[in-house]
Amino acid sequence: DGGITQSPKYLFRKEGQNVTLSCEQNLNHDAMYWYRQDPGQGLRLIYYSQIVNDFQKGDIAEGYSVSREKKESFPLTVTSAQKNPTAFYLCASRFSGREYNEQFFGPGTRLTVL
Amino acid sequence: GNSVTQMEGPVTLSEEAFLTINCTYTATGYPSLFWYVQYPGEGLQLLLKATKADDKGSNKGFEATYRKETTSFHLEKGSVQVSDSAVYFCALRTSYDKVIFGPGTSLSVIP
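What you see is a predicted model; the values in this text were computed from it and never measured.

Caption draft 1: Region of interest: the state of the cysteines. One pass over the full model with this rule turns up two disulfides over all chains. Disulfide pairing places Cys23(A) opposite Cys91(A) at an S-S distance of 1.9 Å. The chirality of the disulfide connecting Cys23(A) with Cys91(A) is left-handed, given an S-S dihedral of about -75 degrees. Residue Cys23(A) is located in strand S3 (residues 19–25), and its partner Cys91(A) is located in strand S9 (residues 87–94); the two are separated by 68 residues in the primary sequence. Taken individually, Cys23(A) and Cys91(A) each receive the classification buried, so the pair is uniform in this respect. Covalent S-S linkage joins Cys23(B) and Cys90(B), the inter-sulfur distance amounting to 1.9 Å. Given an S-S torsion of about -70 degrees, the disulfide between Cys23(B) and Cys90(B) has left-handed geometry. Taken together, the positions of Cys23(B) in strand S4 (residues 23–26) and Cys90(B) in strand S10 (residues 86–93) put the pair 67 residues apart, joining distant regions of the chain.

Caption draft 2: Structural detail: a nonpolar patch on the surface. A surface patch of nonpolar side chains, amounting to about 400 Å² of accessible area, comprises Tyr10(A), Phe12(A) and Leu114(A). Assignment of secondary structure puts Phe12(A) in strand S2 (residues 10–13).

Caption draft 3: Geometry of the sheet that holds strand S8 (residues 76–78) of chain A. Residue and element names in this part refer to chain A. Taken in spatial order, the four strands line up as S1-S3-S8-S7 in an open sheet, and their pairing is antiparallel. Of all strands in the sheet, those bounded by a partner on one side alone are strand S1 (4–7) and strand S7 (64–66). The sheet shows a mean angle of 20 degrees between the axes of neighbouring strands, direction not considered. Note that S1 and S3 share four bridges and pair antiparallel. Residue pairing for S3: serine 7 is matched across the bridge by serine 22.

Caption draft 4: Geometry of the side chain of Arg68(A). Residues and elements named next belong to chain A. Within the secondary structure, arginine 68 is located in the loop between S7 and S8. Buried and unpaired, arginine 68 has aspartate 30 as its nearest opposite-charge partner, separated by 6.8 Å. Within the structure, the side chain of arginine 68 is placed 2.8 Å from the side chain of serine 49, a separation counted as a polar contact. Polar side-chain contacts of arginine 68 include one of 3.3 Å to the backbone oxygen of lysine 70.

Cut-off values and rules
- Residues numbered from 1 in each chain as written.
- Chains lettered and ligands numbered in written order.
- Predicted model: local features only at pLDDT ≥ 70, side-chain atom pairs only at ≥ 80, totals over all residues.
- Heavy atoms only, no water.
- Disulfide = S-S within 2.5 Å.
- Helix = DSSP H or I, 4+ residues; strand = E, 2+ residues; numbered from the N terminus.
- Buried < 20%, exposed > 50% of the residue type's maximum accessible area, 1.4 Å probe, protein only.
- Patch = residues over 30% accessible without salt bridge, like charges linked within 9 Å, V, L, I, M, F, W, Y side chains within 5 Å.
- Areas by Shrake-Rupley, 256 points an atom, 1.4 Å probe, with all protein chains shown as cover.
- Salt bridge = Lys/Arg side-chain N within 4 Å of Asp/Glu carboxyl O.
- Pairing = 2+ DSSP bridges.
- Axes fitted to C-alpha atoms, helices over the stretch in contact; angles between N-to-C directions.
- Lys, Arg positive; Asp, Glu negative; His and termini not counted.
- Polar contact = N/O pair within 3.5 Å; in protein donor to acceptor, adjacent residues only side chain to side chain.

Given below as structure tokens:
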């Protein structure tokens, strides 16, 4: 079955540590996205990538980094520079080129900083 | 700039009640409009979409009509079930490769 996988589902990190969240898709989508969701709030865009080896900052990119070395993979690193990293992180992908193509979402990773 | 406004929740309804969740938007051009649903602890799933004015999206008994004159995309369902309890997000996409999400509306349906 095609879909988007995120791992791990739950992640705990000590302050000052970097941590990498995995996102893989086998839908052959060209565009991929990372969002952050805080309790009772909507989604905020962190980074997005429309093609391999290219990515753009979203609205809240500070303290995060990404790479897009393969079409199917878009890992997100939460660095120690991110002041308040505890949140639910969602990865999404879509076929770009048409505005009406919807995003497909992974199940999310809940990151907790101890 | 582009934005999406949703009615504030939480919304609590009895089973079989009629549901309306209001969504209005501000956008340049002609955006595509979406409703997503999020069940507890999960990612978002597309519920329905509309790509041009007067289009009606529908799925699983939910409907929403793209109203350009009122810049609205209200979500409706005639008879809600306990299994519809979730958070609902209205969203728009313009010609740039970004999606703008509303803040979400939490729905609880009680038996």
